[in-house]
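Residue-level structure breakdown
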Amino acid sequence: MSGQTAPFRLGRQQIGQLDEAVRLYDAGRLEQSMRLARRVLAQGAECDSACFLLALCNEKAGKYPEAIEHCRAAARHAPRHRDYRRKLASLLLGAGELDEAEDLYGALCKEDNSDISTLYGLASLYRKKGDAVSEFAHLCRLKRLNALAGKDQHWIVDSLSRIPGVPDYPGLEEDLSDFLDYPNINPDKLSRNISRFLCNKYELEAQNPALELTDLLNDRLFDKALRSLVLISAPIEALLTNLRASLLTEAASSQSLSNRLISLVEAIGLQNHLNEYVHFVSAREHEILELFTRLLRSQIAAGGWSPARSEVPLLCLSMYGRIHDLPEREALLGHPSHQWPDSLKTLAECTLFGIEREVEAAGDIPDLTPVEDETSRTVRAQYESNPYPRWSRPERHPPQTYDRYMSAILPGYTPPKALRGKNIEVLVAGCGTGQQPIDFAVRFEVGSILAVDISRRSLAYAKLKAGECGVGTVDFYHGDILELGRLDRRFDLIMCSGVLHHMADPLAGWRVLRDLLTPNGVLRIDLYSRIAREDINRQREIIAQLGMEPTPDNIRRYRQALMEREPDSSILERLDFWNMSMCRDLLFHCQEHQFSWPEIGDCCDRLDMTFIGVHANKLIYQAYRAAFPNDGRCLDLDNWHRLELNDPRLFRGMYAFWCERKRHEK
């Protein structure tokens, strides 16, 4: 506000009053500031500055209609004043008057298409409108101007991930490469876009793509993607599988590799580490790998061994499995990472020393409860062998309180006081490898987080990840949700994502969590949708008929057969298909229940709980409101069921929702 001047001549007294009003505003004394500003206007002066000050005061007081009215007056008195029009556009955006805000922002952008505030405003507007293409375009404009703030790196990547297909514009490849360097993003969000881009670039879906090895060796984006994220398309998997087999054969025949090929082998090894070696392996490759395993054994046994002596065998073996799983593990661990050649340092860190740290950390995870339930033990065995999911790093969002986050998603919902502070007590029941509690700790201002899981290996991965991310507010414990009732703690927020549906009796676990809530606490649950998983259920029936056990080789074989048999299967659109542990969870899980929205409502009734609302993106809420305009709170679960029947892909991930104990009047 400071420094604004009126286009009309004011008297000395009015100028003094206005200056004092600005000082009061800066001091947070809004009522006194507004009184003085009104006094200036009451004296007959058509003062744009006084109107604008009233707009700012009302905005700060949360009185948005009044703020808009005063800002209109300021812009009317001084139509060429950009700050007034920009603030009016921002207020209209906040009030949901998107069309008028778009007109104002559009006019401002025509006057100056490099105005940072206007570009941010337009990006926010198109996000609200669900127009990811325009949202991404304006964020890219900010990037070109070197004006995209570090805290907004996740925003531009998120907007790109919501665009169907692949944008086509000069500079896209450079942007994708830059995005991979952003420290505040989850690179997995780029998997689909980069995979599609590479497929298009090299025409991989053609019968005979015109692709030379030198093209890949010179492709910076391809190299970075191999090392950073899981590439997810059948044509790319076919390329990588064939390329890996060719490199293995070349190394076996020549017993050496050029420096450029060594770098490619290293990158493919890291890619397969990320996808957990899910790609199909031929009988011929198995034979060559056995030869390299024997060669490595003989080289180590010869004495005076160092990793550099077995660079080629180790590189080749690392394309197909973890170095930690080799029979010579103890000898390999005896050579610290600085003794390994550069080509193997990262691979050794990820697939040897990192895995060893996980094994050691698993033994240090404290017990919170015993795990006695038979189904819990069966599920635990799966996650001990396949910790799920493995992930890289959390997105970095500007910190906020959880109540504001909920309010922004749920129409008309006022969160309880328990969630309004910065010291809320949080339980993550079934934290797996720690992505949810660590993301939560990074994103929200909270007191403490207790994270519990039945798998020690998953917890070990989580604890190490927390250390990498500098997160010290999460306490990891080994235990079973079914036994948590013995705790003497209660929680303001409990999150249970993708866990209850793996229990023999999901309602029993749900009941335990309900009883752990504080009186005004909230429970967030994620469950599988039966409607959304019809394609998965059909594949599981085939797997059951074939009698296939969930071994790595069987998972590889079934994936390969599915891609050949049903190249257009919707299963291939799921990210989980492209990673070993995630694919096992998707198609080979030992225990799974599925739900519908009416069944979730029935569970809430049986547990004497109130359904608070659906956690869904803006586009899904827009579709709901368009279909059911009379349900302002969007709480009718029969309506949600009808919406999903019309579009079974809406909840392909999981249903996500909040509920709380019913509050009975005394």
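As a reminder, the structure under discussion sits directly above these lines.
All of the points below concern the structure found in this document. (Residues numbered from 1 in each chain as written. Predicted model: local features only at pLDDT ≥ 70, side-chain atom pairs only at ≥ 80, totals over all residues. Heavy atoms only, no water.)

**What about the overall build of the protein chain?**
Helix and strand counts for the protein chain stand at 30 helices and seven strands. In terms of C-alpha radius of gyration, the protein chain reaches 29 Å, essentially the compact-globule figure of 26 Å for 666 residues. Each principal axis of the C-alpha distribution contributes one length, and for the protein chain these read about 100 × 65 × 50 Å. The long-range share in the protein chain, meaning contacts at least 24 apart out of those at least 6 apart in sequence, stands at 73%. Working note: accessible area of the protein chain is about 29,400 Å², and carbon and sulfur atoms make up 48% of it. One way to put it: in the protein chain the 83 positive side-chain charges average out to a point 5 Å from where the 95 negative ones average out. (Helix = DSSP H or I, 4+ residues; strand = E, 2+ residues; numbered from the N terminus. Rg over C-alpha atoms; globule rule 2.2 N^0.38 Å. Contact = heavy atoms within 4.5 Å. Areas by Shrake-Rupley, 256 points an atom, 1.4 Å probe, with all protein chains shown as cover. Lys, Arg positive; Asp, Glu negative; His and termini not counted. Charge placed at Lys NZ, Arg CZ, Asp CG, Glu CD.)

**A short note on the pairing of strand β4 (residues 491-497)**
Most of β4 is tucked away: six of the seven residues are buried. Bridge count for strand β1 (residues 425-429) against β4 is three bridges, and the pairing is parallel. Paired with V428 across the bridge in β4 is M495. Sheet analysis places β4 next to strand β5 (residues 517-527), joined by six bridges and oriented parallel. Bridging from a neighbouring strand, L493 pairs with V522 of β5. In terms of handedness, the path from β4 via helix α24 (residues 506-515) over to β5 forms a crossover that is right-handed. (Buried < 20%, exposed > 50% of the residue type's maximum accessible area, 1.4 Å probe, protein only. Pairing = 2+ DSSP bridges. Right-handed = clockwise from strand over helix to strand, strands pointing away.)

**Focus: the pairing of β5**
With nine of 11 residues buried, β5 lies mostly within the body of the structure. With five bridges connecting them, β5 and strand β7 (residues 655-661) associate as antiparallel partners. Bridging across to β7, R524 finds its partner in W658.

**Some thoughts on the side chain of D175**
Take D175: it is sitting in helix α10 (residues 172-181). On the accessibility criterion, D175 (1% relative accessible area) is buried. With residues up to four places along the chain from it excluded, the contact list for D175 reads C140, K143, R144 and Y169.

**Focus: helix α23 (residues 456-468)**
An ideal rise of 1.5 Å per residue puts 18 Å on 13 residues; α23 measures up with 18 Å between its terminal C-alpha atoms. For α23, the full list of buried residues reads R457, S458, L459, A460, Y461, A462, K465 and A466. Elements that come into contact with the buried residues of α23 comprise α19 (342-362), α20 (374-385), α22 (435-443), β2 (448-453) and β3 (474-478). (Expected span 1.5 Å × (residues − 1).)

**Overview of the nonpolar core**
Core analysis: the biggest nonpolar cluster contains 115 residues, and L190 and I194 have the highest contact counts within it. Per-element tally for this core: the top contributor is helix α3 (residues 48-60), with eight residues. Both domains that furnish three or more residues to this core are identified here as domain 1 (12-182) and domain 2 (233-360). The residues touching L190, leaving out its near neighbours within four places in the chain, are V157, L160, L176, F179, L180, I185 and L229. I409, I424, C431 and F651 belong to the second-largest nonpolar core, a separate cluster that totals 79 residues. (Core = buried A, V, L, I, M, F, W, Y, C linked by side-chain atoms within 4.5 Å. Domains from an automatic or database assignment.)

**Considering the pattern of salt bridges**
The final tally for this structure, using the stated rule, is 57 salt bridges. In this structure, R144 and D175 form a salt bridge, with 2.8 Å as the shortest nitrogen-oxygen distance. Here the residue R144 occupies a position in helix α8 (residues 132-144), and D175 occupies one in helix α10, the gap between them amounting to 31 residues. R329 is the salt-bridge partner of E330, the closest N and O atoms lying 3.9 Å from each other. When its relative accessible area of 57% is taken as the criterion, E330 is described as exposed. With a relative accessible area of 29%, R329 lands in the partly exposed category. (Salt bridge = Lys/Arg side-chain N within 4 Å of Asp/Glu carboxyl O.)

**Regarding unusual backbone geometry**
With a phi angle near 60°, E276 is a residue other than glycine that sits in the positive phi range. Tracing the chain through its elements places E276 in the loop between α15 (259-274) and α16 (283-301). Residue classification places E276 among the buried residues on the basis of a relative accessible area of 10%. Residues other than glycine seldom take positive phi values, yet C634 does so here, at roughly 55°. Tracing the backbone through its elements, the reader meets C634 in the loop between α29 (618-627) and α30 (637-646). According to the relative accessible area criterion, C634 is buried, its value standing at 0%.

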